[in-house]
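Understanding the architecture of this molecule
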Amino acid sequence: MSLITVDKDKCVGCNACVRACPAPEANVARLDESGMLRITINDDKCIRCGACVKACTHGARGYEDDLEQFLHDLQAGQEIAVIAAPAIKIAFDGNWRHALQWLRNQGIHKIYDVGFGADICTWAHLRYLQAHPGTKVISQPCAAVVNYVQRHKPELIPHMSPVHSPMLCLVVYIRKYLGYKGKIAALSPCIAKSDEFHETGLVDYNVTMERLRNYFQEKGVDLPKVKVHSEFEFDAYQGLEGSIYPKPGGLMQNLLIHAPDLSVITSEGPERLYPELDQYIDQEKKYLPDVFDVLNCGDGCNSGPGVGTDYERFEMNAIMHDVQTYTHQMRMKNRTKKGADKQFAMFDAELRLEDFTRGYVNKRTAVKNITEREIEQAYEALGKSTETERNFDCHACGYPSCREMAIAIAKGINERENCHQYMLSEIRRERQKVSEINERISGMNQELLEMFMELAESIANVRKETDKIQQTGERNSNEMQAVVAHMNELNELNRSITASMSDINKSVEKYNEMTKDVEKIAGDINLLSLNASIEAARAGDAGRGFAVVASNIRDLSESSKKSVGSARENDEGIHSAISAVKVVVDKFESSIQELVEAIDVTMQGTKDTAENSENIRSSVNQVHGMTERMKGLLEETSRILNG
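Below you will find a few notes about this structure. (Residues numbered from 1 in each chain as written. Predicted model: local features only at pLDDT ≥ 70, side-chain atom pairs only at ≥ 80, totals over all residues. Heavy atoms only, no water.)

**Considerations on the packing of helix α6 (residues 114-131) against helix α11 (residues 250-258)**
Across the interface, α6 lies against α11 with an axial gap of 10 Å and an inter-helix angle of 60°. Classified by the angle between their axes, α6 and α11 sit oblique to one another. As α6 runs across α11, the sense of the crossing is right-handed. Counted together, Asp119, Thr122, His125 and Leu126 of α6 and Leu251, Asn254, Leu255 and His258 of α11 form the full contact between these two elements. Looking at the contact of α6 with α11 residue by residue, the class counts come to three nonpolar, four polar and one charged. (Axes fitted to C-alpha atoms, helices over the stretch in contact; angles between N-to-C directions. Helix = DSSP H or I, 4+ residues; strand = E, 2+ residues; numbered from the N terminus. Parallel < 35°, antiparallel > 145°, perpendicular 65-115°, else oblique. Left-handed = near helix turned anticlockwise from the far one by under 90°. Contact = heavy atoms within 4.5 Å. Nonpolar A, V, L, I, M, F, W, Y, C, P; charged D, E, K, R; others polar.)

Right, here's the structure in full:
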């Protein structure tokens, strides 16, 4: 589980966390999918100092502790003891006793003062130095410093004091010497203590004072005010000078009380401490102090990230001064008549130094070695070519120098967009590019405007030609109706011609019959003529035969008259039928002429329509051409804008 948390939605990429962080590579800058710079945490590099939590003004950084699990187990009836760090006097100024009494009322079995563990820590340091003359050590009450050494500077491990921190010295004491078997919760001012407790397995819960105070506020726990008396007292022993450990130089003051000749120097605050730890590695031993008393937080544990107060330094100092005055008085009472320290005498008699020591582990992960060529490439990516540009050192990226930023980029843990100067140069380039684009787009807009005017004119032409087609269509419709009427009339005429031709056919048939009759009569006349000739030769007796012939001739004459009459009537019928046909044919010819004229008009309308359609097609092709040009211009504009 990551102890330092990041709310990505609240992170604005301001680099305050990078600037505050003393651990190389712990913060990684990345551009998210929207192009926003976000800072994430490399958990293997983070030392849990909490500097980023304090530095973040956007609420994007937070931390985890064990308050919820602690309260859950407490309510479940588990046996739990609490060890309270001296910084509780800052976190709960004036009513810290009431806070501890509230915990006791909730079922806490024992509550111990870490100040007593600090007294053991002082004793153990002195005895270790006495047992190892000439040894130079770096103190380790601060878990963030231990994390830094193990994760980033394992070269310092041989110099780390093996003595446990005050909290763990107290835990060892109550477990080994008081025989406590239950769980232990540390009420601490420090996030990094969770790592210390996990590594050693000696403490079950890291409960920060800030989270406990917030819990009181959320649940409406109203602690009595400053001057109200509390019946609370620590179990077992209360600390003496160890109670000033959380102030800057606390360990140093404790050591010098008992060993004034020791060489002890202090270093507090990340701006000073970590560069000095780096320097410590290369120093000659003769220049090193006997004890290098170090604390991550500038005002000591009293300003730890888990304290959660915003006291000014002077106010904190005033509170600790009162504590120091009280503990000094108690220390004086704790001396024998000969001036011997009763507490240390008890430690010497009862405690074993080896019970209060620990070891350290190299936890440094793989470090990418960066070459000068890679740094040069990073400079080039940043657009830094001159010495001035490469030493601008504005710190906006969070790093102390442009070179450090270039190294971070080469390592892949930062982005060039996080460089203020690079972004300014990019803005200038983009501004110039935008200016050029604006000019080009302005010209394109003018061209588009002209094209739109042409387009409007072409569309107007299309509309005009369409109107003409509509009018021609209406005329063609009327002409086609006339054609239909003429065709109907021709159909009627055709039927009349058919009827007339039928009459003619009948007359012709009568002619045929008449012809046959005439031919028969002619035959009969020829025969009669022949008979008459014969009878004429016979004279006399032939009188009666002439009478018969004459009778036959009369009959033939009548028959011929009838035939001639029929022929005449038939001739008149034929003439009448032919006249009727002629009339019909004349009308047919007239109708045909009218039909041809109607068709000519329709054909002319069709021709006009075709010409109009061709005009429309030409105009539409012109519109299509213009749209293609506009499409090209718009695509070019898009390419320009998208860079």
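From this point, things continue past the structure.
**A few points about the packing of aromatic side chains**
One pass over the structure, following the stated rule, counts 17 aromatic pairs. Their ring planes at 70° and their centres at 4.9 Å tell us that tryptophan 102 and phenylalanine 216 sit as a pair that is edge-to-face. Separated by 114 residues along the polypeptide, tryptophan 102 in helix α5 (residues 96-105) and phenylalanine 216 in helix α10 (residues 209-219) bring together distant segments of the chain. By relative accessible area, tryptophan 102 is classed as buried at 17%. (Phe/Tyr/Trp six-rings, centres within 6.5 Å; stacked < 30°, edge-to-face > 60°. Buried < 20%, exposed > 50% of the residue type's maximum accessible area, 1.4 Å probe, protein only.)

**A look at the pairing of strand β9 (residues 205-208)**
Both faces of β9 are covered, namely the face carrying Tyr205 and Val207 and the face carrying Asn206 and Thr208. As paired elements, strand β8 (residues 183-188) and β9 share four bridges and run parallel to each other. Paired with leucine 187 across the two strands is valine 207, which belongs to β9. For the crossover that starts at β8, traverses helix α9 (residues 193-200) and ends in the parallel β9, the hand is right-handed. (Pairing = 2+ DSSP bridges. Right-handed = clockwise from strand over helix to strand, strands pointing away.)

**Things to note about the sheet that holds strand β6 (residues 110-113)**
Read across the open sheet, the four strands follow the order β6-β5-β8-β9; overall the sheet is parallel. The two strands at the open ends of the sheet, each matched to only one other strand, are β6 and β9. Going across the sheet, the axis of each strand differs from the next one's by a mean of 25°, ignoring polarity. In this structure, strand β5 (residues 80-84) lies alongside β6, joined through four bridges in parallel fashion. Paired with valine 82 across the strands is isoleucine 111, a residue of β6. Sheet strands in contact with α5 are β5, β6 and β8, and its direction is about 150° off that of β6. Across the sheet, helix α8 (residues 166-177) lies against β5, β6 and β8, angled at about 155° from β8, the strand it touches most.

**So, the side chain of aspartate 65**
Mapped onto the secondary structure, aspartate 65 falls in the loop between β4 (61-63) and α3 (67-75). A distance of 3.3 Å separates a polar side-chain atom of aspartate 65 from the backbone nitrogen of leucine 67. Within the local environment of aspartate 65, its side chain forms a polar contact with the side chain of threonine 208, the two groups lying 2.9 Å apart. Non-local contacts of aspartate 65, meaning those with residues more than four positions away in its chain, are made with Asn206, Val207, Thr208 and Arg211. (Polar contact = N/O pair within 3.5 Å; in protein donor to acceptor, adjacent residues only side chain to side chain.)

**Observations concerning helix α7 (residues 143-151)**
With respect to burial, α7 is a largely interior element, nine of its nine residues being buried. Residues Ala143, Ala144, Val145, Val146, Asn147, Tyr148, Val149, Gln150 and Arg151 constitute the buried set of α7. Looking at the packing, one finds that the buried side of α7 touches α9, α12 (270-282) and β11 (291-295).

**Observations regarding the pairing of β11**
Taking burial as the measure, the five residues of β11 include five buried ones, the bulk of the element. Here β11 shows two buried faces, one formed by Val291, Asp293 and Leu295 and the other by Phe292 and Val294. Examined bridge by bridge, strand β10 (residues 264-268) and β11 share five bridges and lie parallel to one another. From the neighbouring strand, serine 267 faces β11, where its bridge partner is valine 294. Chirality of the crossover, the property in question, places the unit of β10, α12 and β11 among those that are right-handed.

**Some thoughts on the pattern of salt bridges**
Applying the stated rule across the entire model yields 29 salt bridges. Note that arginine 48 is salt-bridged to aspartate 43, the shortest N-O span being 3.4 Å. Arginine 48 gets classed as buried once you look at its relative accessible area, which sits at 5%. Ionic pairing is found between lysine 363 and glutamate 199, a salt bridge with its closest N-O pair at 2.5 Å. Highlighted residues: lysine 363 in the loop between α14 (342-350) and α15 (372-382) and glutamate 199 in helix α9, separated in sequence by 164 residues. The exposure class assigned to lysine 363 is partly exposed, which follows from its relative accessible area of 30%. Glutamate 199 sits in the partly exposed class, given a relative accessible area of 28%. Each of Asp43, Arg48, Arg151 and Asp195 takes part in one network of salt bridges that share partners. (Salt bridge = Lys/Arg side-chain N within 4 Å of Asp/Glu carboxyl O.)

**A word on unusual backbone geometry**
Positive phi values are uncommon outside glycine, yet asparagine 15 reaches one of about 70°. Here asparagine 15 is to be found in the loop between β1 (4-6) and α1 (16-20). At aspartate 393, a residue that is not glycine, the phi angle is positive and equals roughly 50°. Tracing the backbone shows aspartate 393 in the loop between α16 (387-390) and α17 (402-411).

**Regarding the packing of α15 against α17**
Orientation of α15 relative to α17, taken along the N-to-C sense of each, is 105°, at an axis distance of 8 Å. Between α15 and α17, the crossing angle belongs to the class labelled roughly perpendicular. Across the interface between the two elements, Glu372, Glu374, Ile375, Ala378, Tyr379 and Leu382 from α15 touch Cys402, Arg403, Ala406, Ile407, Ile409 and Ala410 from α17. Taken together, the residues of the contact of α15 with α17 sort by class into nine nonpolar, no polar and three charged.

**Some remarks on the nonpolar core**
Formed by 77 residues in total, the largest nonpolar core has its most connected members in Phe70, Ile83, Phe92, Leu100, Leu103, Ile120 and Leu187. With 10 residues, α6 is the single largest residue contributor to this core. Each residue touching isoleucine 83, except ones within four places of it in the same chain, is listed here: Tyr112, Val114, Met167, Leu170, Val171, Ile174, Ile184, Ala185, Ala186 and Leu187. By size, the runner-up hydrophobic cluster in this structure holds 30 residues, among which are Leu3, Met405, Ile413 and Cys419. (Core = buried A, V, L, I, M, F, W, Y, C linked by side-chain atoms within 4.5 Å.)

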